[in-house]
There are 2 protein chains.
Amino acid sequence: MTFTRTLLLTDISPPVAAADAAACSSPLAREAIGSLHAETLARSLKALADPARLRIISIVAAHADQEACVCDLTGQLTLSQPTISHHLKVLVEAGFLARAKRGTWSYYSLVPGSIDSVAGVLAAV
Amino acid sequence: MTFTRTLLLTDISPPVAAADAAACSSPLAREAIGSLHAETLARSLKALADPARLRIISIVAAHADQEACVCDLTGQLTLSQPTISHHLKVLVEAGFLARAKRGTWSYYSLVPGSIDSVAGVLAAV
DNA sequence: ACAATATATCGACCAATGTCAATCTAAGGA
DNA sequence: TCCTTAGATTGACATTGGTCGATATATTGT
């Protein structure tokens with residue numbers, strides 16, 4: 001890329017596309033997301049893209065105080081305790097849940113806005 | 001589920017939780033999502049949870065006519081043509097893209113509302 | 001018909017992921 | 001102090017998933 005002036009969209013006359021674009025290509029209305037942005041969003045979506053983890057989030061969100069202990073989860077999910085613990089870790093590391101240990105019990109709460117944020121970013125892709 | 005009358009939230013007095021709930025549990029404000037719903041949403045999210053596929057969707061959406069040919073993608077993604085073709089297939093099967101073959105070229109377009117729909121469902125989990 | 005091009009499919013490979021049994025850690029109660 | 005219980009960690013395993021090279025299919029141009 002050695003051009004001193006960036007090729008603008010308005011520079012493209014209908015029949016001719018951008019320099020390195022193929023003949024079949026149509027004009028762009030805006031920029032696509034960058035690869036870095038794509039990787040960040042993909043990481044968040046990967047953390048959510050599991051039935052057990054979605055149910056965990058939903059169970060936590062369904063509680064009046066937006067908080068659930070692990071026993072709430074082991075009771076409703078037909079998964080072993082270590083597996084549930086693993087999913088919780090994934091969700092905490094992805095920034096969707098926060099852990100608070102009180103006595104013997106661990107309580108998990110939703111990080112406010114974290115889900116909505118991902119949903120918003122996704123809708124803007 | 002053989003109860004004739006559903007247990008209402010207002011039936012639960014503060015100190016006592018639902019029948020099979022543990023001592024650490026707090027009351028629910030609403031129902032959590034069902035496992036079927038969770039699996040459906042997870043399938044959609046899995047299709048989106050990949051950097052290459054997010055970029056593909058973004059590139060398609062960035063086009064003025066919401067349509068891109070494969071050559072647009074091979075030019076921008078540093079992935080082999082078979083790999084891109086694979087990702088396109090995943091996105092079509094998940095219902096996010098539609099394929100239209102015209103002549104030698106295949107054009108992929110966004111299925112209107114499909115992304116917003118997932119974003120909306122996700123935000124409601 | 002033939003050659004060239006665009007895209008899809010196949011087969012194989014390696015990395016990442018979900019799951020569980022076994023074990024470890026920490027907090028409470030007797 | 002010891003036992004019990006809640007939860008996290010570890011290690012192993014099977015499955016899924018992303019990638020590419022090779023090949024197949026289909027369409028256009030000569």
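All names here are of chain B. In spatial order, the strands read 1-3-2; together these three strands make up an open sheet with antiparallel pairing. Each having just a single partner strand, strand 1 (67-69) and strand 2 (97-102) make up the two edges of the open sheet. Direction aside, neighbouring strands of the sheet carry axes that sit 30° apart on average. Where strand 1 and strand 3 (residues 105-110) come together, three bridges link them in antiparallel fashion. Considered in strand 3, the bridge of E67 is made with S109. Relative to strand 3, helix 2 (residues 51-62) is tilted by about 90°, and along the sheet it contacts strand 1, strand 2 and strand 3.

With that settled, the discussion passes to the interface of chain A and chain B. Counting residues at the interface gives 46 residues for chain A and 46 residues for chain B. The contact between chain A and chain B buries some 3600 Å² in all, and 70% of this surface belongs to carbon and sulfur atoms. Among the residues of chain A in contact with chain B, C24(A), L54(A) and L122(A) are the three that bury the most area, contributing 16% of the side total. Put simply, chain A and chain B have zero salt bridges between them. For the side of chain A that touches chain B, the secondary structure elements donating two or more residues are helix 1 (35-48), helix 2 (51-62), strand 1 (67-69), helix 3 (70-76), strand 3 (105-110) and helix 5 (114-123) of chain A. Taken together, the residues that form the side of chain A that touches chain B break down as 30 nonpolar, six polar and ten charged.

What follows covers the protein's contact with DNA strand C. Near DNA strand C lie 21 residues; those nearest to it are T83(A), H87(A), Q81(B), T104(B) and Y108(B). Close to the protein, within 4 Å, the atoms of DNA strand C are drawn from sugar and phosphate at a rate of 74%. Note that a base nitrogen of DNA strand C is positioned 2.7 Å from one of the side-chain N or O atoms of Q81(B). Measuring from a phosphate oxygen of DNA strand C, one finds a side-chain N or O atom of Y108(B) at 2.4 Å. Secondary-structure elements contributing two or more residues to the surface near DNA strand C are helix 4 (81-93) of chain A together with helix 3 (70-76), helix 4 (81-93) and strand 3 of chain B. Taken together, the residues of the surface near DNA strand C break down into seven nonpolar, nine polar and five charged.

Another point: the pattern of salt bridges. Residue and element names in this part refer to chain A. Counted by the stated rule, this structure contains two salt bridges over all chains. We note a salt bridge from E67 to R102, for which the minimum N-O separation is 3.0 Å. You can see E67 sitting in strand 1 and its partner R102 sitting in strand 2 (residues 97-102), a full 35 residues away along the chain. Residue class for E67 comes out buried when judged on its relative accessible area of 16%. On the accessibility criterion, R102 (42% relative accessible area) is partly exposed.

This part is about unusual backbone geometry. Excluding glycine, most residues fall at negative phi; most peptide bonds, likewise, are trans. Residue and element names in this part refer to chain A. Positive phi, normally seen in glycine, also occurs at Q66, with a value near 55°. With respect to the helices, strands and loops of the structure, Q66 is situated in the loop between helix 2 and strand 1. Overall, the relative accessible area of 36% leaves Q66 in the partly exposed class.

Let us now look at the confidence of the model for chain A. Within chain A, residue pLDDT values average 85, and 82% of them lie at 70 or more. For residues 1-20 of chain A, every residue scores under 50 in pLDDT, and the model assigns this stretch nine contacts once sequence neighbours within four places are set aside.

Let us look at the protein's contact with DNA strand D. Q81(A), T104(A), Y108(A), R53(B) and H87(B) are the nearest of the 23 residues found near DNA strand D. A breakdown of the atoms of DNA strand D within 4 Å of the protein gives sugar and phosphate a share of 74%. At a separation of 2.6 Å, a base nitrogen of DNA strand D approaches a polar side-chain atom of Q81(A). Interatomic distance of 2.8 Å between a side-chain N/O atom of R53(B) and a phosphate oxygen of DNA strand D. Among the elements of the structure, helix 3, helix 4 and strand 3 of chain A together with helix 4 of chain B are those that each provide at least two residues to the surface near DNA strand D. In the surface near DNA strand D, the residues fall into seven nonpolar, ten polar and six charged.

The subject of this paragraph is the sheet that holds strand 2 of chain A. All names here are of chain A. Strand order in the open sheet made by the three strands is 1-3-2, with antiparallel pairing throughout. Two strands bound the open sheet, and with one partner strand each, they are strand 1 and strand 2. Strand-to-strand twist of the sheet, defined as the mean angle between neighbouring strand axes without regard to direction, takes the value 30°. Relative to strand 3, strand 2 runs antiparallel, the two being bridged by six bridges. Opposite R99, over in strand 3, you have Y108 as the bridge partner. Set on the sheet, helix 2 makes contact with strand 1, strand 2 and strand 3; between it and strand 3 the angle comes to about 90°.

Conventions we followed
- Residues numbered from 1 in each chain as written.
- Chains lettered and ligands numbered in written order.
- Predicted model: local features only at pLDDT ≥ 70, side-chain atom pairs only at ≥ 80, totals over all residues.
- Heavy atoms only, no water.
- Pairing = 2+ DSSP bridges.
- Helix = DSSP H or I, 4+ residues; strand = E, 2+ residues; numbered from the N terminus.
- Axes fitted to C-alpha atoms, helices over the stretch in contact; angles between N-to-C directions.
- Contact = heavy atoms within 4.5 Å.
- Buried area = accessible area lost by both parts, 1.4 Å probe.
- Salt bridge = Lys/Arg side-chain N within 4 Å of Asp/Glu carboxyl O.
- Nonpolar A, V, L, I, M, F, W, Y, C, P; charged D, E, K, R; others polar.
- Near = heavy atom within 4 Å.
- Polar contact = N/O pair within 3.5 Å; in protein donor to acceptor, adjacent residues only side chain to side chain.
- Buried < 20%, exposed > 50% of the residue type's maximum accessible area, 1.4 Å probe, protein only.
- pLDDT = per-residue confidence, 0-100.

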